[in-house]
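Listed here are the chains, written in short residue letters.
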Amino acid sequence: MADASSAHLTAMRPLSSHVAVIGAGASGLVAARELRREGHNVVVFEKGDQLGGNWVYTPEVESDPIGLHPNRTIVHSSMYQSLRTNLLREIMGFRDYPFAAKEEDEERDPRRFPGHREVLKYLNDFAGEFGICEMVRFETEVVFVGLVEGGKWIVKSKSKTSDEGLEEIYDAVVVCCGHYTQPRVAEISGITTWKGRQIHSHNYRTPEPFRDQVVILIGSSSSATDIYRDIAGVAKEVHISSRSIASETKEKKPQFDTMRLNAMINSGYENMWVRSKIKSVHEDGSVVFIDGSVVVADTILHCTGYKYHFPFLETNGIVTVDGDDNRVGPLFKHVFPPALAPSLSFVGVPWKTVPFPNFELQSKWIAGVLSNRIALPSKEEMMKDVKAYYSSLEASGKPTRHTHDIFDYRGEYADWLAVQCGSPVLEEWREQMMLTVAKNWLVRPKTYQDEWDDNHLVLQAYESFKNGV
Ligand code: FAD
């Protein structure tokens, strides 16, 4: 990771800012807590009627199942009915409010990989423990955020319960609106005239609509593998199309996604095939893959991820979101746009990491910088760091769309944030558990959420929860 680590703790006079937090999902909740702890005056805007963001499961789907129509009805959450976490609860929770199993409560799901309802309950527990709801304006959507004189921000919002919009001035804005709502789909030759059904995983809820169908599922992420397992039980055939298959021979070492696909191939589903990328689709329903194979399909299910989307944000071109390349930038350490720091910041932009502890550290950093407890490098140094990071990505052959994929340096990143904040670095058992899950997935692709060999790490985790961060 490129570094401009001249940031440090300062002894300057603490400042209290009036801060708008956009979103009351996991990132907005912890941002609100950290900002208030640091003495800021916080308003959280939440367009939904409850907290939890992506973890608020709903059977509702959008009016355009592929999620491309600009005027479609929008459903925020991408959760499907069967979803269990893909991270162990011990590593998933906030560090100073662990996601420990509540065995004593029959209403709770004590599994190490619990279902989505348990995560929502945990977030509600967190909000209750720290009195977050009193800071939240529910059913209030932020429709515009723009710069005004003096480096402040105008925030325009619309409440569901009133026809009048509201305009307010804030010293700082923290964007916590998530990035799993705006579907990304692959370009496929012939797709506009293909007669079959198309759906993006954002609008996938249950397997039943795929009964007896021939389904092409594009992608190999964790959602793709969950959904594949869901529908393989009812569909006639499931063909997984992955670009990892085509590039496998060019890669120096197989990527985790490729290994996961291989594990799937060997996992014993007789109605499942793993195929290369799609070359083209045709009016007669056929789907041609780049290896020359052909399948006539009923449905294409795009598990192709999401785009960053901040429709309310107007920064006069200072922060841009590159739609195709999925880069938000420039952002120093994925958080502060150098030219607008510290009054504008983002929580939760990185992916392929452990989200909640990451949100917690980013939020502590933002709160500490806004109060003058933590110093940032100069704008020039931050910009230099961003450019060096982009160059390092290019030199390593990583595509731009992986700008915020921090998998390879997730531990280093979290430790860097912790040091900025004066917090302890992440405990060693967390990384060991993460690696154990990844290995377990490859060995037991069907049962990794219920069988494991790392009880010694579980003991360490609960011991460390007892002692606190
Ligand atoms: P969100 O949860 O999306 O919350 C954003 C909030 O902002 C929402 O409540 C939304 O209504 C609100 N909002 C948006 N725009 C506005 C606006 N203009 N005005 C007002 N409010 C607004 N992570 C894990 O740790 N473990 C897992 O097992 C896991 N599984 C996942 C499975 C799926 C299918 C997906 C899609 C993601 C998964 N994740 C998982 C990632 C997960 O989304 C993050 O952990 C986390 O929930 C994201 O929190 P967030 O607060 O950044 O965003």
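Scroll up to find the structure.
All values reported here derive from a predicted model rather than from experimental measurement. (Residues numbered from 1 in each chain as written. Predicted model: local features only at pLDDT ≥ 70, side-chain atom pairs only at ≥ 80, totals over all residues. Heavy atoms only, no water.)

(A) The packing of helix H1 (residues 26-37) against helix H3 (residues 116-129), seen in detail. Where H1 meets H3, the axes come as close as 11 Å, and the angle between the chain directions of the two elements is 15°. Judged by the inter-axis angle, H1 sits roughly parallel to H3. Once H1 is placed against H3, the crossing between them reads as left-handed. In this structure, H1 uses Ala26, Leu29, Val30 and Arg33 to contact H3, whose residues at the interface are Leu123, Phe126 and Ala127. (Axes fitted to C-alpha atoms, helices over the stretch in contact; angles between N-to-C directions. Helix = DSSP H or I, 4+ residues; strand = E, 2+ residues; numbered from the N terminus. Parallel < 35°, antiparallel > 145°, perpendicular 65-115°, else oblique. Left-handed = near helix turned anticlockwise from the far one by under 90°. Contact = heavy atoms within 4.5 Å.)

(B) Layout of the sheet that holds strand E4 (residues 136-137). The sheet built from 5 strands is open, its strands ordered E4-E3-E2-E8-E22 with parallel pairing. Each of the sheet's edge strands pairs with one partner strand only, and the pair in question is E4 and strand E22 (344-346). Taken together, the 4 bridges between strand E2 (residues 18-22) and strand E8 (residues 172-175) define a ladder with parallel strand orientation. The partner of isoleucine 22 across the bridge, within E8, is valine 175. (Pairing = 2+ DSSP bridges.)

(C) Geometry of the packing of aromatic side chains. Inspection of every chain in the model, using the stated rule, returns 27 aromatic pairs. For the pair phenylalanine 45 and tyrosine 170, a centre-to-centre distance of 6.1 Å together with 75° between the ring planes defines the contact as edge-to-face. In this pair, phenylalanine 45 sits in strand E3 (residues 41-45) while tyrosine 170 sits in strand E7 (residues 165-170), placing the two residues 125 residues apart along the sequence. By relative accessible area, which is 0% here, tyrosine 170 ends up buried. Centre to centre, the rings of tyrosine 389 and tyrosine 409 are 6.0 Å apart; their planes meet at 75°, and the pair counts as edge-to-face. You can see tyrosine 389 sitting in helix H8 (residues 379-395) and its partner tyrosine 409 sitting in the loop between H8 and helix H9 (410-421), a full 20 residues away along the chain. You can call tyrosine 409 buried: its relative accessible area is 10%. Aromatic ring contacts, followed pair by pair, group Phe94, Tyr97, Phe99, Tyr122, Phe126, Phe130, Phe356 and Phe359 into a single cluster. The ring of phenylalanine 210 is capped by arginine 197, whose NZ or CZ atom sits 4.9 Å from the centre of that ring. Between the NZ or CZ atom of arginine 327 and the centre of the ring of tyrosine 390, over which it lies, the distance is 3.6 Å. (Phe/Tyr/Trp six-rings, centres within 6.5 Å; stacked < 30°, edge-to-face > 60°. Buried < 20%, exposed > 50% of the residue type's maximum accessible area, 1.4 Å probe, protein only. Lys NZ or Arg CZ within 6 Å of the ring centre and 35° of its normal.)

(D) Local environment of the site of the ligand. Within the structure, the ligand sits among 34 residues, and Ser27, Glu46, Asn54, Trp55 and His76 are positioned closest to it. At 2.8 Å from an oxygen atom of the ligand is found a main-chain nitrogen or oxygen belonging to asparagine 54. Residue asparagine 86 places a main-chain N or O atom 2.8 Å away from an oxygen atom belonging to the ligand. Coverage of the ligand by the protein amounts to 94% of the 980 Å² it exposes when considered alone. Residue classes in the shell around the ligand are distributed as 18 nonpolar, 13 polar and 3 charged. (Near = heavy atom within 4 Å. Polar contact = N/O pair within 3.5 Å; in protein donor to acceptor, adjacent residues only side chain to side chain. Areas by Shrake-Rupley, 256 points an atom, 1.4 Å probe, with all protein chains shown as cover. Nonpolar A, V, L, I, M, F, W, Y, C, P; charged D, E, K, R; others polar.)

(E) Molecular detail of the sheet that holds strand E10 (residues 197-200). Spatial strand order, E10-E17-E11-E12-E13: 5 strands in an open sheet with parallel pairing. Two strands bound the open sheet, and with one partner strand each, they are E10 and strand E13 (272-275). Each strand axis lies, on average, 20° off the axis of its neighbour in the sheet, ignoring direction. Relative to E13, strand E12 (residues 237-241) is paired through 4 bridges, and the arrangement is parallel. Counted as the bridge partner of valine 238 is methionine 272 from E13. With respect to the sheet, helix H4 (residues 222-232) is in contact with strand E11 (214-218), E12, E13 and strand E17 (299-302), its orientation differing from that of E11 by roughly 170°.

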